[in-house]
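If you want the building blocks of each chain, they are given just below.
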Amino acid sequence: MERSEIIEGKVDWKGRPAIKGKHGGMPFALLSISTFSFENMATIALATNLVTYLTEVMHFDVANSANQITNYMGTSYILSILIAFLADMFIGRPKSVLISACFEIVGLGLLAIQARSSKLKPPPCNLFDPTAHCTKVGGKDAVILFGGLYLVAIGSSGIKASLPSHGADQFEEKDPKEARQMSSFFNWFLLSGNIGSVASLTLIVWIQDNKGWDWAFGISSIGMVIGALLFISGLPRYRVQVIQKSNPLIEIIQVYIVAFCNRNLHLPEDPEELYEINRDKEAAIETEFLPHRDVYKFLDKAAIQVTPITQDGKPNPWKICRVTQVENAKIILGVLPIFCCAIVMTLCLAQLQTFSIQQAVTMDTRLTKHFHIPPASLAIIPIIFLLGLVPIYDRFFVPFARRITGHPTGVTHLQRIGVGLVLSCLSMAVAGLIEVKRKQVARKQNMLDAIPVIQPLPISVFWLSFQFFIFGIADLFSFIGLLEFFYSQAPKGIKSISTCFLWCSMALGYFLSTIIVNIVNSATKGITKSRGWLAGNNINTNHLNLFYWLLSLLSFLNFLVYLYVAKRYKYKPIVQEHRGPTNSRVTNADNTDLEDIEVQE
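Worth saying up front: this structure is predicted, and the values here are computed from it rather than measured. (Residues numbered from 1 in each chain as written. Predicted model: local features only at pLDDT ≥ 70, side-chain atom pairs only at ≥ 80, totals over all residues. Heavy atoms only, no water.)

> Any chance you could explain the overall build of the protein chain here in plain terms?
The number of helices and strands found in the protein chain is 15 helices and eight strands. Here the protein chain, with 601 residues, has 56% of them falling under the buried criterion. A sequence separation of at least 24 residues applies to 79% of the contacts in the protein chain between residues at least 6 apart. Carbon and sulfur atoms make up 63% of the accessible area of the protein chain, which totals about 26300 Å². (Helix = DSSP H or I, 4+ residues; strand = E, 2+ residues; numbered from the N terminus. Buried < 20%, exposed > 50% of the residue type's maximum accessible area, 1.4 Å probe, protein only. Contact = heavy atoms within 4.5 Å. Areas by Shrake-Rupley, 256 points an atom, 1.4 Å probe, with all protein chains shown as cover.)

> I'm lost on the state of the cysteines in this one. Help?
Throughout this description, disulfide means a covalent bond between two cysteine sulfur atoms. Here the structure, examined in full by the defined rule, presents one disulfide. One disulfide bridge connects C125 with C134, the sulfur atoms lying 1.9 Å from each other. What sets the handedness of the C125 and C134 disulfide is the S-S torsion sign, and at about -70 degrees it is left-handed. Looking at the unpaired C425, the closest cysteine sulfur is the one in C348, lying at 7.6 Å. (Disulfide = S-S within 2.5 Å.)

> Is there a simple way to think about the sheet that holds strand β3 (residues 240-241) in this case?
Remark on secondary structure: sheet strands pair via backbone hydrogen bonds, oriented parallel or antiparallel. On the basis of which strands lie adjacent, the open sheet formed by three strands has the order β2-β1-β3 and antiparallel pairing. Both outer strands of the open sheet, β2 (17-19) and β3, are each paired with one neighbouring strand and no more. The sheet contact formed by strand β1 (residues 6-11) and β2 spans two bridges and is antiparallel. Across the sheet, residue I6 finds its bridge partner in β2, namely I19. (Pairing = 2+ DSSP bridges.)

> Is there a simple way to explain the environment of F186 in this structure?
Turning to its location among the elements, F186 is positioned in helix α5 (residues 176-210). Remark: the alpha-carbon pair of F186 and E484, spanning 298 residues in sequence, is separated by 6.9 Å.

> Mind showing me how you'd approach helix α12 (residues 413-444) here?
The periodicity of an α-helix, 3.6 residues per turn, causes residues three or four places apart in sequence to face the same way. The end-to-end C-alpha distance of α12, which contains 32 residues, comes to 47 Å, matching closely the 46 Å that a straight helix rising 1.5 Å per residue would cover. Just downstream of α12, N446 is the residue with a positive phi angle, here 55 degrees. (Expected span 1.5 Å × (residues − 1).)

> Before we go on, may I ask you to explain the packing of aromatic side chains in this structure?
Both the distance between ring centres and the angle between the ring planes are used here to describe each pair of aromatic rings. Counted by the stated rule, this structure contains 19 aromatic pairs. Arranged with centres 4.1 Å apart and planes meeting at 20 degrees, the rings of F36 and F189 form a pair that is stacked. With F36 in helix α1 (residues 26-57) and F189 in helix α5, this pair connects stretches of sequence that are 153 residues apart. Residue F36 is classed as buried on the basis of its relative accessible area of 6%. Measuring from ring centre to ring centre gives 6.0 Å for F355 and F547, while their planes differ by 70 degrees; the resulting arrangement is edge-to-face. Taken together, the residues span a long stretch of sequence, with F355 in helix α10 (residues 355-361) and F547 in helix α15 (residues 544-568) at a distance of 192 residues. (Phe/Tyr/Trp six-rings, centres within 6.5 Å; stacked < 30°, edge-to-face > 60°.)

> Is there a simple way to explain the pairing of strand β5 (residues 457-460) in this structure?
When a strand is regular, its side chains alternate between the sheet's two faces. Residues L457 and I459 line the buried face of β5, whereas the alternating positions P458 and S460 sit on a face that is not buried. Direction of pairing for strand β4 (residues 363-364) relative to β5: parallel, over a ladder of two bridges. From the neighbouring strand, D364 faces β5, where its bridge partner is S460.

> What is the right way to read a negative patch on the surface from this model?
Negative charge collects at one region of the surface, where E269, D270, E272 and E273 lie side by side. Inspection of the secondary structure assignment puts E272 in the loop between α7 (248-261) and α8 (281-286). Among the residues examined, E272 registers a relative accessible area of 69% and is labelled exposed. (Patch = residues over 30% accessible without salt bridge, like charges linked within 9 Å, V, L, I, M, F, W, Y side chains within 5 Å. Salt bridge = Lys/Arg side-chain N within 4 Å of Asp/Glu carboxyl O. Lys, Arg positive; Asp, Glu negative; His and termini not counted. Charge placed at Lys NZ, Arg CZ, Asp CG, Glu CD.)

> What's the story with empty space enclosed by the protein in this structure? I'm lost.
Unfilled space is identified by rolling a water-sized probe across the atoms. All told, the structure shown has four cavities of 30 Å³ or more when counted by the stated rule. By volume, the largest cavity is sized at about 630 Å³. Of all the elements in the fold, those that place two or more residues in the lining of the largest cavity are α1, α2 (62-91), α4 (139-168), α5, α9 (323-352), α11 (380-405), α13 (465-489) and α14 (495-523). No other element matches the six residues that α1 contributes to the lining of the largest cavity. Residue classes in the lining of the largest cavity are distributed as 20 nonpolar, ten polar and two charged. Of the pockets and cavities examined, the second largest cavity occupies roughly 100 Å³. Taken together, A342, M345, T346, L349, F471, D475, S478, F479, L482, L502, S505 and M506 form the lining of the second largest cavity. Going through the elements one at a time, α9, α13 and α14 are the ones with two or more residues in the lining of the second largest cavity. (1 Å grid on protein atoms, 1.4 Å probe; cavity = no way out; pocket = protein on both sides within 12 Å on 5 of 7 lines; lining within 4 Å. Points joined across faces, edges and corners; volume = space filled by probe spheres on them. Nonpolar A, V, L, I, M, F, W, Y, C, P; charged D, E, K, R; others polar.)

Treat this as a map of the structure, not an account of what it does.
Structure follows, in structure tokens:
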């Protein structure tokens, strides 16, 4: 067998070298895509309709239930960092996916048992009836509720942490054909998630509202079992990323510490004098090499050679770092501003999953005389549109834009993210206008104190589809743009953790939503009759429209900051090496600033 067929840095499930044509490729990346679809089917309805479950079944008030949801969603994303670290350093991505799926199945099963038993939840009561005295869930029942929810959160975070990176591992970045397939993989990854979301927001939500939450949780658990079995079926043919012997996160931290300790040293005029290990044949196979860049030059001080280093010597990593190590630390530092700008977008998304659903509960949900659309199913409107738009984007727009820009993905990752940020700002502005119209109807019909569901306002719930639709388009651009951006820019040892930059930014967005809601209510408590813009159970008497416009303003300011940091960002160089005494081509993810460097072997 020719050595060129062996894929460097990848093995099969038994630890043998992975072979191109036998392991990996699009067919086995599709199994990751299918698993993600079933995972979305199992969890999206829970995330979207959980506000209804917490208010109508567990008897939390509206603002409290919104905060419980954002805390749950934030946890389901923030834990992905920890699980990705474990996947990259210890257990590997495939095992991480399977263990996480087990957590999710157990959590959904626990919720199904509680929803089935009347002894494990509060007695039925209409929280929106001013005369009712409803008992909120507490004691051991609350332990079961939050235990099940956070088991699902742990499982979902693990799948988010490992599944995208594992799917991308089925392609070789240095192979131009497979690099284009990897870009398509991320687009189809979004599409598969949308297909699962459609099933969740139609079938599962309908079951929640009409057959019971116990049936919905049970079917979601079965769906997750099917997803796990599909993933298992590909184990013999997957390309598996080799677990790193060193800890890339520790190596990056070392750079910051050593650079600080060497802050008083002077940088050499020639970057070649900075420390780097010998690039011999053995090191070239196992070790990543990156060329020096003139950005964040203060970090270069971590690679200053104070004393000569012998060829066989192993310097103390807490005293001196290699150039590639420093360049990886620069990449992480450069990505952080983009990461921060993504947080505000999730802040907007959180409102569509909480307050927009509460708006829908008060409106006319009739689709026909005999069919009512569940409020949580509104999110299906942009998803259905995206089901058609994603293939058009991938098969028509990208090739067309590629011919114009010369970029493999048509437009750069940062351009794609910027479009999504603009649209998220617009969605919140439109949401505020729709809320003004909804309240005008309630006021004109003298229905400000109407009981939701029982006394729906004479305004169609489909007015809310505008804000969902605009944000859905924003998702197409920003979600995949961020996922692919973080994956492509991160050091190869922390690819799982890199995709978690997106999930972590979303987690912080959800937690920020909880903080913003509390701050807004506290700041407006004494100046509104409702004792806060978002206070109480009756959204007809609060000021949700002002809250939406506040978020739109924050999103606009966030976009201006993004323009500044994106313009200054320098893409990570990609070195395409060739064996033998030849030159390697150095480029970056934006296909600019090409240069030749000599490879010494």
